[in-house]
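Reading the structure
Okay, here's what each chain looks like letter by letter:
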Amino acid sequence: MDEPNPTAENTSYRWVDTEAGVVLYYFTGADKGGMTAVPLSETELESDGE
């Protein structure tokens, strides 16, 4: 995946890091933004890299 566009507004990105066992979410907005990590076990995503 390409690097997030720092000027994008109201955009979200998701990466799955199976080695760390987390799903990373990065979001941007007009005057807001942030990043969070959620344990893979608390999502409905498969952890087999697909």
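Because the structure is predicted, anything quoted here is derived from the model rather than measured.

Tracing the sequence through the fold places Thr36 in strand β3 (residues 33-39). With 11 residues separating them in the primary sequence, Thr36 and Tyr25 have C-alpha atoms 5.3 Å apart. Those residues in contact with Thr36 that sit more than four places away from it in its chain are Val23, Leu24 and Tyr25.

This next bit is on the confidence of the model for the protein. Detail in the predicted coordinates should be disregarded across regions flagged by low pLDDT. Averaged over every residue, the pLDDT of the protein is 79; the share at 70 or more is 68%. Strand β1 (residues 11-17) is the least confidently modelled element of the protein, averaging 88 in pLDDT, while β3 averages 90, the highest of any element.

Note on aromatic pairs: each is described by the distance of the centres and the angle between the planes. All chains considered together, the criterion is met by two aromatic pairs. Aromatic side chains Tyr13 and Trp15 sit 6.1 Å apart centroid to centroid with 20° between the ring planes, which places their arrangement in the stacked category. By relative accessible area, which is 13% here, Tyr13 ends up buried.

With seven bridges joining them, β1 and strand β2 (residues 22-28) adopt antiparallel strand pairing. Within β2, the position partnered with Asp17 by the bridge is Val22. Between the antiparallel neighbours β1 and β2 lie four residues, among them Gly21 with a positive phi of about 75°.

So, how was this worked out
Residues numbered from 1 in each chain as written. Predicted model: local features only at pLDDT ≥ 70, side-chain atom pairs only at ≥ 80, totals over all residues. Heavy atoms only, no water. Helix = DSSP H or I, 4+ residues; strand = E, 2+ residues; numbered from the N terminus. Contact = heavy atoms within 4.5 Å. pLDDT = per-residue confidence, 0-100. Phe/Tyr/Trp six-rings, centres within 6.5 Å; stacked < 30°, edge-to-face > 60°. Buried < 20%, exposed > 50% of the residue type's maximum accessible area, 1.4 Å probe, protein only. Pairing = 2+ DSSP bridges.

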